[in-house]
Amino acid sequence: GNSVTQMEGPVTLSEEAFLTINCTYTATGYPSLFWYVQYPGEGLQLLLKATKADDKGSNKGFEATYRKETTSFHLEKGSVQVSDSAVYFCALRDQGAQKLVFGQGTRLTINP
Amino acid sequence: GAVVSQHPSWVICKSGTSVKIECRSLDFQATTMFWYRQFPKQSLMLMATSNEGSKATYEQGVEKDKFLINHASLTLSTLTVTSAHPEDSSFYICSAEGDKREQYFGPGTRLTVT
């Protein structure tokens, strides 16, 4: 079945550091890939997505590229801020399917 | 736009009682809503897919008689945990599907069964 694996957290960085959160997936078809962010006390919000190979999703300085050859969708940001502290979830949705399959989440803490 | 609310945000109940959790799409209509369960430091696990006016579709291993889902309108779905036990304690999250098949998530409900 489909699955998503994220790097284990928690991740702690200093402000302005470079961020990478690894995400790899297993899928039988050609899924769409997503990154969601959950700020403390709030619901998950879509951060970015990519629907086909080599697509790059970007939002709020975050980027992720759909790499079919390595089945990866790593999240990156060049210079993190304290306000980026949250839990980040990688997810996939199979073609034509409704349901999302989530990774285990990575808690990110940015220190000033 | 695309706000989803859940009520209550936190509930404590005694073992053997039932608890109802509401999920509302506040500014859009949602034919489809989803219910997830999240254990501490773990991923969201889909419990069921709820379609307005029809029976919910439960994921494998989820007891439909224990977790009753009702999607009575295009803006409201409810999850009732019947005869709750301590092992049902968890964080329950709903989402509603809006335009372009994007899911919008509620803030979650923490259930503690004593």
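Residues numbered from 1 in each chain as written. Chains lettered and ligands numbered in written order. Predicted model: local features only at pLDDT ≥ 70, side-chain atom pairs only at ≥ 80, totals over all residues. Heavy atoms only, no water.

*Asks:* Just to check I follow, could you spell out the overall build of chain B for this structure?
*Replies:* Regarding its fold elements, chain B presents zero helices and 11 strands. What you see for chain B is a C-alpha radius of gyration of 13 Å, in line with the 13 Å of a compact globule of 114 residues. Overall size of chain B, expressed as C-alpha extent along the three principal axes, is 40 × 25 × 20 Å. Per-residue burial over chain B gives 49% buried out of 114 residues. In chain B, once contacts between residues fewer than 6 apart in sequence are set aside, the share between residues at least 24 apart is 54%. Put simply, chain B shows about 5800 Å² of open surface, and 52% of that area lies on carbon and sulfur atoms. (Helix = DSSP H or I, 4+ residues; strand = E, 2+ residues; numbered from the N terminus. Rg over C-alpha atoms; globule rule 2.2 N^0.38 Å. Buried < 20%, exposed > 50% of the residue type's maximum accessible area, 1.4 Å probe, protein only. Contact = heavy atoms within 4.5 Å. Areas by Shrake-Rupley, 256 points an atom, 1.4 Å probe, with all protein chains shown as cover.)

*Asks:* Could you clarify how one ought to interpret the sheet that holds strand 8 (residues 76–81) of chain B in this entry?
*Replies:* Hydrogen bonding along the main chain pairs the strands of a sheet, whether they run parallel or antiparallel. Residues and elements named next belong to chain B. Taken in spatial order, the four strands of this open sheet run 1-3-8-7, and their pairing is antiparallel. Edge strands, defined here as strands with exactly one partner in the open sheet, are strand 1 (4–7) and strand 7 (67–73). On average, each strand axis in the sheet is inclined to that of its neighbour by 15 degrees, with strand direction left out of account. (Pairing = 2+ DSSP bridges. Axes fitted to C-alpha atoms, helices over the stretch in contact; angles between N-to-C directions.)

*Asks:* Looking at this model, I keep getting lost on unusual backbone geometry. Mind explaining?
*Replies:* For residues that are not glycine, phi is negative in most cases, and the peptide bond is trans in most cases. Cis geometry is found at the peptide bond from Gly9(A) to Pro10(A), where omega equals -5 degrees. As for its position among the elements, Pro10(A) is in the loop between strand 1 (3–6) and strand 2 (11–14). Note the cis peptide between His7(B) and Pro8(B), where omega equals 0 degrees. As for its placement among the helices and strands, Pro8(B) is situated in the loop between strand 1 and strand 2 (10–13).

*Asks:* Would you mind going over the sheet that holds strand 7 (residues 56–59) of chain A with me for this structure?
*Replies:* Residue and element names in this part refer to chain A. Read from one edge to the other, the open sheet built from four strands follows the order 3-9-8-7, with strand pairing classed as antiparallel. Each having just a single partner strand, strand 3 (19–21) and strand 7 make up the two edges of the open sheet. Neighbour to neighbour, the strand axes of the sheet diverge by 15 degrees on average, direction disregarded.

*Asks:* Could you clarify how one ought to interpret the nonpolar core in this entry?
*Replies:* Across soluble globular proteins, nonpolar side chains have a tendency to be buried as a group. Core analysis: the biggest nonpolar cluster contains 25 residues, and Trp35(A), Leu47(A), Leu48(A), Phe62(A), Phe73(A), Leu75(A) and Tyr88(A) have the highest contact counts within it. Listed by contribution, the elements that provide at least two residues to this core are strand 3, strand 4 (23–26), strand 5 (32–38), strand 6 (45–50), strand 8 (62–65), strand 10 (86–93) and strand 12 (106–111) of chain A. For this core, the leading source of residues is strand 10 of chain A, giving four residues. Tyr88(A) has contacts with Gln6(A), Ile21(A), Trp35(A), Tyr36(A), Val37(A), Leu47(A), Phe62(A), Leu75(A), Gly105(A), Thr106(A) and Leu108(A), leaving out every residue within four places of it along the chain. The next biggest cluster of nonpolar side chains, apart from the first, holds 23 residues, and it includes Ile21(B), Cys23(B), Ala30(B) and Phe67(B). (Core = buried A, V, L, I, M, F, W, Y, C linked by side-chain atoms within 4.5 Å.)

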